[in-house]
Amino acid sequence: MKRFGAALILVATVAILYRKAIRLWWMYDDAWLLHVALARRWTMTFTDGDTWHRTFTPLLDSTYEVMIALAGLEPGRWHAVSLMLVLLCALSLFFALSLYLRVLPALAGAFLFVAGAPLCTFAMQFMLVHILEAILLGTLATATFILASRKASNALNFLSATLFLLAMLAREIAMPLPALLLVLPERNWRVRARHLVFHAAALVIYGVWRRTVLGTFFSGSGWAMTLSDVPAMLATLPWKVVTSWSGAALEAGLPALVLIGIAAVFALRDPIAGRVALLGLAMAIAPLLTASKEVGPRLTITPWLWLCVVFAFGMSRMPRLPAAALALVTAGALLVANRQQWSADFTQAERMSDEARAFMRLDGASMLRAPAVPPAAMVELQWLKEEHFRLARGSGWFYDDLYLCESGTEGRRVFEYHEARREVLEVTARIPDFARTYCSSIRETAPLRAEFRHVRDSLFWRFGPYANGRWRVVLGGGLQAFDVPRDDGFSLPGVPGLSLRVRYQSPEGWVTYSPDITLDFATQPNFVWHR
C-alpha cells in the first residue's frame, strides 16, 4: 500500500505541475521532425546518416512515426504522451531506488527529480522525448540488471542489455551505463562483470551501427569550441549547471540545492554509496565537457537525476524524523523554483504555439513580424502548412526590421504577437510608423568590423569595434536573424558558405548594418570586413 500511495503522489505531481502543456502546439524542431517522419520511410532513420546531421537518435524519429500513426497530428495528444513519459521516468526511478531503499527516501528521490526546474522544459518540448526515453530505458535497464544479479537470471540480463541498447538508440547519454552497473553492490565484481557480457555486446553493436551510419563515432553540433575556450568553459561550468538546476528563481533554487547537498554528504560518507555516486557523477557530467558551451536543461538533466538519487541515499542514512523534515523543506523550496521556471518557460512556449497556429491560418498575402518561433522552424512550418496540409501558399515572415527599410510590406497584411493580450494581432496600419522610426535609427557610416574564420566544419567570428551593445547576424535582408555573442563560433556541417549582414545595436538605441558579406569557406576560410 505504501508503494501504491507513493505512485499516486507522483501521478498527482506530474498532473498538477505540468497539465497545461497539453495546450501547446508544435515548437522548435517539431515541424522538422514531422517533416522527416512524413517524407521518409521509417527504416531510413536507422540507416541514413543524412537524416540526423551528425547525430544518431533513431528512436526519436521512430517515436514521431508511431505518434503520427496513433495520434495523428493533434499536438495536445502528443504533449499528453510527453507528460506520460515524464511520469514513467519518475515511477521507474522510484522502482529502481526501492530495490535498495525504504519507500520514503525512494519517493523523495523520484519526487525531487520530477519537480526539478529542468523538467519544465521536458514537459513542454516534445522534441526532447528521446532524452526522456533514454532516462526511462536506462533506469529500467539498471533495475532489471539488479534483479537479474540477485536471481542469477540470464533472461533478465538479456532484457537489461536490450533495454540498454534501446536507451542508446534514444540518446548516447546511456552509453556509460555498464560502468555504473559494474560497481553496484550486487554479489561481487566478477559476477557482475560476467553478467555484463550481453551489455558489452549491445555496446559494440551500437558503436558499429553508429559509426556505419554517421561515418564517424564522435559527432555533434551547436556552439563551436577551440582549445583556448576550454579553461573558461570549465571555470564557468559549475555555476551554469547550478543555475540550470535552480531555474528562474535562484533565491528558491539555491536553498533547495544546499539542502540536497546536506543529504548528499551522508550518502558520500558511505564507502560503497560514495564509490557509486562518484562514478555516476563522472558519467553524468562527461557530456557537459564535450557537447557545448551552452548549458541548458537537456544537458543538465542527467546530472540532476544523479543528484536526486544521491539525495535519496543520503536520506536513508539519516534518522527518519530529520530525514522526513529535510525532504519536506527541500521539496517546498524546489516547488517554488519549479513554478517560477514554469511561468517563464510556458509564457515563451505559449507565444510560439500561438504564432505557429496563427501562421497556419494566414493567407498568402500575410506575414508575421519578429516571431519567437526560431527561423529554421518557420521554414519547416511552411512546409507542413503548404505541402502536407495543402493550405494557403505564400505566407511570409521577417525577423529583423531591416526588411521594412529595404523590401517593405506594401500590399501585404502584417501580424505580430501582442504581449499584453497574449495573442497574434494585425499591425498592418502601424507598419509605416514602425518603419519610419526604425529606418531613421540606422547609421549607415558608423564604424563596424567583422572577422570570420572557418575551421573544419565550424565558423568563428569576432565583431567590433564596440565592447558593449547587441549583435545579430541577418540573412535574406531580414527574413532570418540570429542574436549572437560578439566573439564566438558555431558548427555548420555541410554548409559551403553564407551570405549575411552584421547588425550592431548600441546601448543608446541606434543601429548599424554591414553590407551583404559573402563567405566562401572553401576558397577564403579567413575573411575580414571593416568600415
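An account of the accompanying structure is given in this report. Within each chain, residues carry numbers counting from 1 in the order of the written sequence. Reporting in this predicted model follows two pLDDT cut-offs: at least 70 for local features of residues, and 80 or more for side-chain atom pairs to be given and counted; totals over whole chains, interfaces and linings ignore these cut-offs and use all residues. Note that water and hydrogens are dropped before the side-chain values are worked out from all heavy atoms of the structure.

## Brief notes about the overall build of the chain
Of regular secondary structure, the chain possesses 19 helices and 13 strands. Radius of gyration: C-alpha atoms only; globule rule: 2.2 Å multiplied by the number of residues to the exponent 0.38. Relative to the 2.2 N^0.38 estimate, which gives 24 Å for 531 residues, the radius of gyration of the chain is 25 Å and therefore close to what a compact globule would have. Taking the principal axes of the C-alpha coordinates as reference, the chain spans close to 75 × 50 × 45 Å. Among the 531 residues that make up the chain, the fraction classed as buried is 53%. Contacts between residues were defined by any pair of non-hydrogen atoms, one from each residue, lying within 4.5 Å. Of the contacts formed within the chain by residues at least 6 apart in sequence, a portion of 71% connects residues at least 24 apart. Element-wise, carbon and sulfur atoms account for 62% of the exposed surface of the chain, whose accessible area totals about 23900 Å². Placing the 51 positive and 40 negative side-chain charges of the chain at their respective mean positions leaves the two points 11 Å apart. The helix count covers DSSP runs of H or I at least four residues long, the strand count covers runs of E at least two residues long, and both are numbered beginning at the N terminus. Exposure categories follow from relative accessible area, calculated using a 1.4 Å probe and restricted to protein chains: below 20% of the type maximum is buried, above 50% is exposed, and the middle band is partly exposed. Only the protein chains shown count as cover for residues, with accessible areas throughout obtained via the Shrake-Rupley method and a probe of 1.4 Å. For the charge count, each Lys or Arg is scored as positive and each Asp or Glu as negative, with His and the chain ends excluded. We put the charge of a Lys on NZ, of an Arg on CZ, of an Asp on CG and of a Glu on CD.

## Here we look at the sheet that holds strand β3 (residues 413–418)
One open sheet holds the four strands; their spatial order is β2-β1-β3-β4, and the pairing between them is mixed. Strands with a single pairing partner mark the edges of an open sheet, and in this sheet they are β2 (396–398) and β4 (423–426). Neighbour to neighbour, the strand axes of the sheet diverge by 30 degrees on average, direction disregarded. Strand pairing is assigned whenever DSSP detects at least two bridges linking the two strands. Bridge count between β3 and β4: four bridges; the pairing is antiparallel. Looking across to β4, one finds that Phe415 is bridged to Glu426. Simply put, an axis is a line fit to the C-alpha atoms, just over the touching stretch for a helix, and the angle between two N-to-C directions goes from 0 to 180 degrees.

## Let's talk about the pattern of salt bridges
A side-chain nitrogen of Lys or Arg and a carboxyl oxygen of Asp or Glu constitute a salt bridge if their distance falls within 4 Å. The tally for this structure, following the rule as stated, stands at 21 salt bridges. When the shortest N-O distance is used, the salt bridge between Asp363 and Arg413 registers 3.9 Å. Of the two residues, Asp363 is situated in the loop between α16 (320–361) and β1 (366–369) and Arg413 in strand β3; the sequence distance between them amounts to 50 residues. Given the relative accessible area of 36%, Arg413 is considered partly exposed. One salt bridge connects Glu426 with Arg413, and the closest N-O pair in it is separated by 2.9 Å. Note that Glu426 is positioned in strand β4 and Arg413 in strand β3, a separation of 13 residues in sequence. Among the charged side chains, a salt-bridge network with shared partners connects Asp400, Arg470, Arg472, Asp483 and Arg503.

## Thoughts on the nonpolar core
What makes a nonpolar core is a set of buried Ala, Val, Leu, Ile, Met, Phe, Trp, Tyr and Cys residues whose side-chain atoms join them at distances within 4.5 Å. Membership of the largest hydrophobic core comes to 110 residues, with the highest contact counts inside it found for Tyr18, Tyr64, Phe113, Trp304 and Phe311. Sort the elements by how many residues they give to this core and α16 lands first, with 14 residues. Those residues within four positions of Trp304 in sequence are excluded, and the remaining contacts are Leu112, Phe113, Gly116, Pro118, Leu119, Trp245, Leu257, Ile260 and Leu334. Formed by 31 residues, the second largest nonpolar core is a distinct cluster that contains Phe145, Ala170, Leu196 and Ala202.

## Description of the state of the cysteines
Disulfides are covalent bonds that connect the sulfur atoms of two cysteines. When two cysteine sulfur atoms are found within 2.5 Å, that pair is recorded as a disulfide. Here the structure, examined in full by the defined rule, presents one disulfide. The disulfide partner of Cys405 is Cys439, and the gap between their sulfur atoms is 2.0 Å. The sign of the S-S torsion, about -105 degrees, decides the handedness of the disulfide formed by Cys405 and Cys439: left-handed. On the criterion of sequence distance, the pair formed by Cys405 in helix α18 (residues 402–406) and Cys439 in helix α19 (residues 431–440) is long-range, its members being 34 residues apart. On the accessibility criterion, Cys439 (28% relative accessible area) is partly exposed. The cysteine Cys120 is free of any disulfide, with Cys308 supplying the nearest cysteine sulfur at 13 Å. Judged by its relative accessible area of 0%, Cys120 falls in the buried class.

Don't take any of this as a statement about function, it's just geometry.
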